[in-house]
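Descriptive structure summary
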Amino acid sequence: MDLAEENINKIIYGGGAVLLAAVIVLGMMWAKANRIDAAREALARSLNLYFIETRTDAPSEDGEQRVPDLSVPLEAFRDTAEEYRGTAQGDFASFYTANLLFRTGRYDEAAEEVRSLIDREPAFAAGVNAEVLLARILETAEKYGEAAEIYGRQASGKAGDMRAMLMIDAARCFELSGDRDRAVDLYRSVVEEFGETSFGVRADTKLAILGVRMDKSL
């Protein structure tokens with residue numbers, strides 16, 4: 001009797017533990033699902049504010065083209081990014097935040113936002129070409145050396161038109177930074193690799209402007 005009672009108690013306690021674990025897991029799944037739903041709604045609201053503000057068919061009171069006020073959608077994206085960090089929606093909100101900071105001329109903040117996103121979510125950042133955005137921000141902020149290095153690094157992992165464009169971007173930034181030799185080397189590489197394409201022609205034109213002639217036998 002004692003042995004049977006002990007076994008029954010073990011079964012009851014064991015079953016209770018399993019049930020408790022199941023309740024905890026289900027509760028966590030429910031909370032996660034609710035968080036994702038809330039993140040989706042927050043991102044949708046932020047996007048709606050952005051699209052409303054940037055509509056091109058809404059003239060100002062004097063009939064002129066209205067200049068969008070990006071401060072409201074910017075703060076909405078920033079709030080969404082902070083509140084739902086770690087979700088895909090939060091990552092997209094962070095990327096939009098960086099873009100709007102860039103568009104409003106807040107280059108240091110924009111660069112910091114992109115760098116933070118790259119550090120936190122490298123796979124997501126790679127998927128949206130966040131480093132290219134960072135290079136664009138740095139170039140616009142006249143930090144040409146940093147921008148050139150990023151463009152060059154990104155070009156090495158790309159192919160086709162994207163690679164050609166990034167190589168030209170890197171060459172342009174080296175040129176603007178005063179590093180003429182590296183710029184010439186990259187323009188030459190574009191001509192050699194992309195021949196008679198529009199990118200090759202652009203690079204050849206830049207070389208001519210810089211006083212460098214390509215060997216046409218290449």
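Structure: above.
In every chain, residue numbers begin from 1 and rise along the written sequence. Side-chain atom pairs in this predicted model are given and counted only at pLDDT of 80 or more, local residue features only at pLDDT of at least 70, and totals for whole chains, interfaces and linings cover all residues. For side-chain calculations, the full set of non-hydrogen atoms in the structure is used, while hydrogens and water are omitted.

A few points about the packing of aromatic side chains
Pairs of aromatic rings are described using the distance from one ring centre to the other and the angle between the two planes. Spelled out, the test is: Centres within 6.5 Å are what make two rings of Phe, Tyr or Trp a pair, Trp counting through its six-membered ring; a difference in plane orientation under 30 degrees is then read as stacked, over 60 as edge-to-face, and the rest as tilted. Helix and strand assignments follow DSSP, with helices taken as H or I runs no shorter than four residues and strands as E runs no shorter than two, numbered in order from the N terminus. Exposed residues in this analysis have more than 50% of their type's maximum accessible area, buried residues have under 20%, and partly exposed residues fall in between, with area computed by a 1.4 Å probe over protein chains only.
Tallying each qualifying case throughout the model produces five aromatic pairs. Both rings, one in F77 and one in Y96, keep their centres 4.8 Å apart while their planes meet at 5 degrees; by these two values the pair is stacked. Placement of F77 in helix α2 (residues 71-83) and of Y96 in helix α3 (residues 88-103) is noted, with a sequence separation of 19 residues between them. In this structure F77 comes out as buried when scored by relative accessible area, which is 0%. Its relative accessible area of 29% is what places Y96 among the partly exposed residues. By way of ring pairs, the aromatic residues Y50, F51, F77 and Y96 are connected into one cluster.

Side note on the pattern of salt bridges
Where we set the bar: Whenever Lys or Arg places a side-chain nitrogen within 4 Å of a carboxyl oxygen from Asp or Glu, that contact is recorded as a salt bridge.
This model, assessed by the stated rule, comprises 13 salt bridges. The residue K143 makes a salt bridge to D108 at a minimum N-O spacing of 3.4 Å. Highlighted residues: K143 in the loop between α6 (130-140) and α7 (144-156) and D108 in helix α4 (residues 107-120), separated in sequence by 35 residues.

A look at the side chain of T97
Under the convention used in this document: The definition of a polar contact used here is a pair of N or O atoms within 3.5 Å, where within protein one atom must be able to donate a hydrogen and the other to accept one, and adjacent residues in sequence count solely through side-chain atom pairs. We call two residues in contact whenever any of their non-hydrogen atoms come within 4.5 Å of each other.
By the secondary structure assignment, T97 is in helix α3. A polar contact of 2.7 Å, which involves the side chain of T97, links it to the backbone oxygen of A93. Excluding its chain neighbours within four sequence positions, the residues that come into contact with T97 are L74, F77, R78 and E113.

Overview of the packing of helix α8 (residues 160-177) against helix α9 (residues 180-194)
Condition: Helix axes use the C-alpha atoms of the stretch in contact, all axes being lines fitted to C-alpha atoms, and the angles between their N-to-C directions lie in the range 0 to 180 degrees. Any angle that is under 35 degrees is reported as roughly parallel, and any over 145 degrees as roughly antiparallel; angles of 65 to 115 degrees are reported as roughly perpendicular and all others as oblique. Should the near helix be turned anticlockwise from the far one by less than a right angle, the crossing is termed left-handed; should it be turned clockwise, right-handed. Polar here means any residue other than Ala, Val, Leu, Ile, Met, Phe, Trp, Tyr, Cys and Pro, which are nonpolar, and Asp, Glu, Lys and Arg, which are charged; Gly is therefore polar.
At their nearest, the axes of α8 and α9 sit 7 Å apart, and the two run at 160 degrees to each other. Classed by the angle they form, the pair α8 and α9 counts as roughly antiparallel. As for the relative orientation of α8 and α9, their crossing is left-handed in sense. Across the interface between the two elements, G160, R163, A164, M167, I168, A170, A171, R172, F174 and E175 from α8 touch R180, R182, A183, L186, Y187, S189, V190, E193 and F194 from α9. Taken together, the residues of the contact of α8 with α9 break down into 11 nonpolar, two polar and six charged.

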